[in-house]
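Each chain, written out:
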Amino acid sequence: MVHFLLRRDLVSRLRLALTLFGLPYSICTPAVRTSQTFRSISANCCNLYIASVHTMPPSAVLHVKSRCPQYPGSKLKRFPVPDDKVDWSQNWPQYNPVSYTDPSVLKAPAWADPDIGSFSPKFNTVDGAVDRTSFEGNYKTENGKPLNPHGRTGLTGRGLLGRWGPNHAADPIVTRWKVDAKGAKMHHSVSKRPILQFVSIKRKDCGEWAIPGGMVDPGEQVSLTLQREFSEEALNSLGVPSSERAKIHERITKLFKSPGFPVFKGYVDDPRNTDNAWMETVAVNFHDDLGNSVSGLPLQAGDDAGQVQWVDVDSSFPLYANHSHFLELVAKERKAHW
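Residues numbered from 1 in each chain as written. Predicted model: local features only at pLDDT ≥ 70, side-chain atom pairs only at ≥ 80, totals over all residues. Heavy atoms only, no water.

Asker: Help me understand the environment of Gly 154 in this model?
Answerer: When you line up the elements, Gly 154 lands in the loop between strand 7 (145-146) and strand 8 (155-159). The contact partners of Gly 154, leaving out residues within four places of it in the chain, are Arg 78, Phe 79, Val 81, Tyr 95, Pro 97, Val 98 and Asp 275. (Helix = DSSP H or I, 4+ residues; strand = E, 2+ residues; numbered from the N terminus. Contact = heavy atoms within 4.5 Å.)

Asker: What's the story with unusual backbone geometry in this structure? I'm lost.
Answerer: When glycine is set aside, most residues are seen to have a negative phi, and most peptide bonds are trans. One non-glycine residue, Ala 108, lies in positive phi territory at about 60 degrees. Turning to its location among the elements, Ala 108 is positioned in the loop between helix 2 (103-106) and strand 4 (126-127). Taking relative accessible area as the criterion, Ala 108 reaches 52% and is therefore assigned exposed. Positive phi outside glycine occurs at Asn 124, with the angle close to 60 degrees. On the secondary structure map, Asn 124 appears in the loop between helix 2 and strand 4. (Buried < 20%, exposed > 50% of the residue type's maximum accessible area, 1.4 Å probe, protein only.)

Asker: Help me understand helix 5 (residues 323-333) in this model?
Answerer: It helps to recall that an α-helix has 3.6 residues per turn; residues three or four apart then point in one direction. When you tally the buried positions in helix 5, you get eight out of eleven residues, the bulk of the element. The first or second residue beyond helix 5 is Lys 335, which carries a positive phi of 55 degrees.

Asker: What is the right way to read the pairing of strand 10 (residues 196-203) from this model?
Answerer: Of all eight residues that make up strand 10, seven are buried, and the element is covered over most of its length. In terms of strand pairing, strand 9 (residues 165-177) meets strand 10 through three bridges, oriented antiparallel. By the bridge assignment, Thr 175 is partnered in strand 10 with Phe 198. Looking at chain direction, strand 10 and strand 11 (residues 209-210) are connected through two bridges and run antiparallel. When the sheet's bridge partners are listed, Lys 202 is paired in strand 11 with Trp 209. (Pairing = 2+ DSSP bridges.)

Structure follows, in structure tokens:
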């Protein structure tokens, strides 16, 4: 046990040193990016976010969940893509991906694009009200369709995603300190660091625990998406009486006006990704340090969530997509247990 703790401490110190010098590094979970430097965030975000997390180049880390054998919400199997064939630069004449777009997307709801051919989207730019730029930089197109900047996934089309190319989301990470009956911070028995708790929802579509979040509406500021999604998914503000809704809105607005910590922005290794459509997100941490903002509000799951609760931030707790990585960065920023 002592050897394990010493080794873990050494790895943590090495990560910190590499980060301070701006050098990329990777950890044992292959689906995770942990390279970060700070710079100004894009114009789509609220001005209060004075920094952003710079991700590693697209080729630096292989996506894994984006190649999951069975596509979520279907019985469809992806064409198997080995690690050495993920990158588009690798010649692979035998590549024969499955084409799939979910029926819910084909019904052309407001949040989805039409099929390529029936319209001509402008990629790598803001196309009307739809932002088709990527945090990963300019992406390539082939036969009029965008190519996933992280490589092959074994499936073409849009799957469950509405937009061709990047589908922009926002993930609000709302945290508080875990306290005892007297209100004192509780510390982990091994790390001796204070324990953070975050609001987590259980996704209805896959049953995995996740950070509450959702898609950025066309023309919407990311800061507004962050607040809206937290209100709807974690507090079900749409389902409470108007008298209570006003109180909830006041507390949430107070927290979300605070200078949030910009945790991450970039490509998400999401099981819904395809060769032509993928998830990207901005994750921001809003911390209720004194416990007098949203900590006392009753959590209630919204339409997209099966359950919602405060969960201890801990490396052993499995989460959806890249969300464990986001919480690791939050714990380091807050000098909390991980």
